[in-house]
Amino acid sequence: MATDPSPQIPVRANSRRSRSSNSIHPVDVETPPVRPPTPIVYREIKHFKKWIPWLIPAFVVANTVTFIVTMYVNDCPKNSVSCIADFLGRFSFQPFRENPLLGPSSSTLQKMGALDVNKVVHGHQGWRLITCNWLHGGVLHLLANMLSLLVIGIRLEREFGFILVGLLYVISGFGGSLMSALFLQSNISVGASGALFGLLGSMLSELITNWTIYANKVAMFVTLVVIIAINLAVGILPHVDNFAHIGGFLSGFLLGFVFFIRPQFGWVSQRYAPPGHSVSPRPKFKKYQCILWAVSLILVIVGLTLGLVMLLRGVDANDHCSWCHYLSCVPTSRWRCNTNPTFCSTTQLGSQVNVTCSPSGKTTTYFLPGASNSQIQSLCSQQCR
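Residues numbered from 1 in each chain as written. Predicted model: local features only at pLDDT ≥ 70, side-chain atom pairs only at ≥ 80, totals over all residues. Heavy atoms only, no water.

(A) Structural detail: the packing of helix α7 (residues 162-183) against helix α8 (residues 193-209). It is at 7 Å that the axes of α7 and α8 come closest, and there the two elements cross at 125°. Classified by the angle their axes make, α7 and α8 are oblique. The element α7 and its partner α8 pack so that their crossing is right-handed. Taken together, the residues of α8 that come into contact with α7 (itself represented by V165, L168, Y169, S172 and G173) are G194, A195, G198, L199 and S202. (Axes fitted to C-alpha atoms, helices over the stretch in contact; angles between N-to-C directions. Helix = DSSP H or I, 4+ residues; strand = E, 2+ residues; numbered from the N terminus. Parallel < 35°, antiparallel > 145°, perpendicular 65-115°, else oblique. Left-handed = near helix turned anticlockwise from the far one by under 90°. Contact = heavy atoms within 4.5 Å.)

Printed below as a string of structure tokens:
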């Protein structure tokens, strides 16, 4: 038997019977209107928004420009007996014995705003706690810090935006300067290392406070701890201000709990659920996140305030902690940890200049007609190294 290959589609229709015949005439089928499917609207969740980083590159440019201006002010050919890279003119570097980082003299850094505790406390120049973070001791110092800033800072700015990252950078730098000033009161200090360690510390605290939303959290935690430990261990070498590193790290670590707290995915799903979709209510933050937020905010405010008050009153933190100086430098048979400033006594007879280093008593005679004070100071720095 032949069958109709077309599928049989059942149609339900209203009908009427004609009075004149027994035929049935179909009437128009009343089909219900078909509601188009609700379009899916994809919205960017503001709590996980990706930012375009621009502030961190701007910080790199600002630090670089500041270093160029510092070298212009330094003017090594005019103020020193000898220079490195003479072809650079007034941008040439101080001798290696005076500054092995290929940079300016200590007096120039002081002039540009280096951290000098005596001037902060007795000269009422508290602004040096901020300006020292934008100065660098040399090209090598600048390159190391700026490369680290780009690697760490851009990732954070992309995740959390320029406002929070900018505030954390500045406050961490201030915290690093504050701790450095409390423990290292005889030398000047420059560099963005305190702010950089603040960014590192904030990455660690951000991972801890947002622990439940990460996948490979244990591996990330171990990696961060190892990186931080290695960088802090380098700080025990001489001529490295590890107190600025520690102060910046602690400030950034606490601020990370405050600035980088993120809501839980359950709350986000509830907040951005489509209309009519019922979900069980979820809290925005977990209890441990709120506790860490409150405790960290209190600690960072109290810590910075107390440290600033102690500094302005002339307190030397080493008097209250006899072993803390080992956190910045551990003496070995290969190097010393003498942080006392260098002083020289000079006698000048015609073009002959005798420079005697006060700590060691070493005397050297130079023949320098018309020696200026800055040139003699440069000779003193080289003599006492």
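(B) The state of the cysteines, seen in detail. Using the criterion set out here, one finds two disulfides in the structure. The residue that forms a disulfide with C76 is C83, at a sulfur-sulfur distance of 2.0 Å. Across the S-S bond linking C76 and C83, the dihedral sits near -105°, which makes this disulfide left-handed. Assigned by exposure class, C76 and C83 land together as buried. Residue C321 pairs covalently with C324 via a disulfide, S to S 1.8 Å. Its S-S torsion of about 80° marks the bond between C321 and C324 as right-handed, since a negative value means left-handed. (Disulfide = S-S within 2.5 Å. Buried < 20%, exposed > 50% of the residue type's maximum accessible area, 1.4 Å probe, protein only.)

(C) Inspection of the pairing of strand β4 (residues 352-357) at higher detail. Burial along β4 is one-sided: the face carrying V353, V355 and C357 is buried and the face carrying Q352, N354 and T356 is not. Pairing between strand β3 (residues 344-349) and β4: six bridges, direction antiparallel. From the neighbouring strand, Q348 faces β4, where its bridge partner is V353. (Pairing = 2+ DSSP bridges.)

(D) Focus on the environment of V65. Along the chain, V65 falls in helix α1 (residues 55-74). Along the primary structure V65 and L135 are separated by 70 residues, whereas in three dimensions their C-alpha atoms are 9.9 Å apart.

(E) Seen up close, the packing of helix α6 (residues 139-160) against α8. Here α6 crosses α8 at 35°, and the two axes come no closer than 10 Å. Regarding α6 and α8, the two cross each other, and that crossing is left-handed. Here H141, N145, S148, L149, I152, G153, R155, L156 and F160 of α6 lie close against α8, whose contacting residues are S193, L196, L199, L200, S202, M203 and E206. Classifying every residue of the contact of α6 with α8 gives eight nonpolar, six polar and two charged. (Nonpolar A, V, L, I, M, F, W, Y, C, P; charged D, E, K, R; others polar.)

(F) Region of interest: helix α12 (residues 287-312). The terminal C-alpha atoms of α12 lie 38 Å apart, and with 26 residues this matches the ideal 38 Å at 1.5 Å per residue to within 8%. The set of residues buried in α12 consists of Q289, S296, V300, L304, G307 and L311. If you follow the buried residues of α12, they end up packed against α4 (117-121), α5 (128-131), α7, α8 and α10 (242-259). At the C-terminal side of α12, G314 shows a positive phi close to 80°. (Expected span 1.5 Å × (residues − 1).)

(G) A look at the packing of aromatic side chains. Tallied over the entire structure, the rule returns eleven aromatic pairs. The interplanar angle of 55° and the centroid separation of 5.8 Å between the aromatic rings of W134 and Y169 together place this pair among those described as tilted. Separated by 35 residues along the polypeptide, W134 in the loop between α5 and α6 and Y169 in helix α7 bring together distant segments of the chain. When its relative accessible area of 22% is taken as the criterion, W134 is described as partly exposed. For Y169, a relative accessible area of 1% gives the class buried. Ring-pair connections join several aromatic residues into one group, and the members of that group are W51, W54 and F162. (Phe/Tyr/Trp six-rings, centres within 6.5 Å; stacked < 30°, edge-to-face > 60°.)

(H) Quick look at the UniProt feature "transmembrane region" (unreviewed entry) in the protein. This chain's UniProt record puts "transmembrane region" (unreviewed entry) on residues 51-73, 134-154, 161-184, 190-211, 218-237, 243-261 and 290-312. In this annotation, residues 243-261 is assigned 89% helix and 0% strand; the end-to-end C-alpha distance for the span is 27 Å. When the span residues 290-312 is considered, its composition is 100% helix and 0% strand, and the gap between its end C-alpha atoms is 33 Å. (UniProt positions renumbered as here; feature names shortened; annotations may be inferred.)

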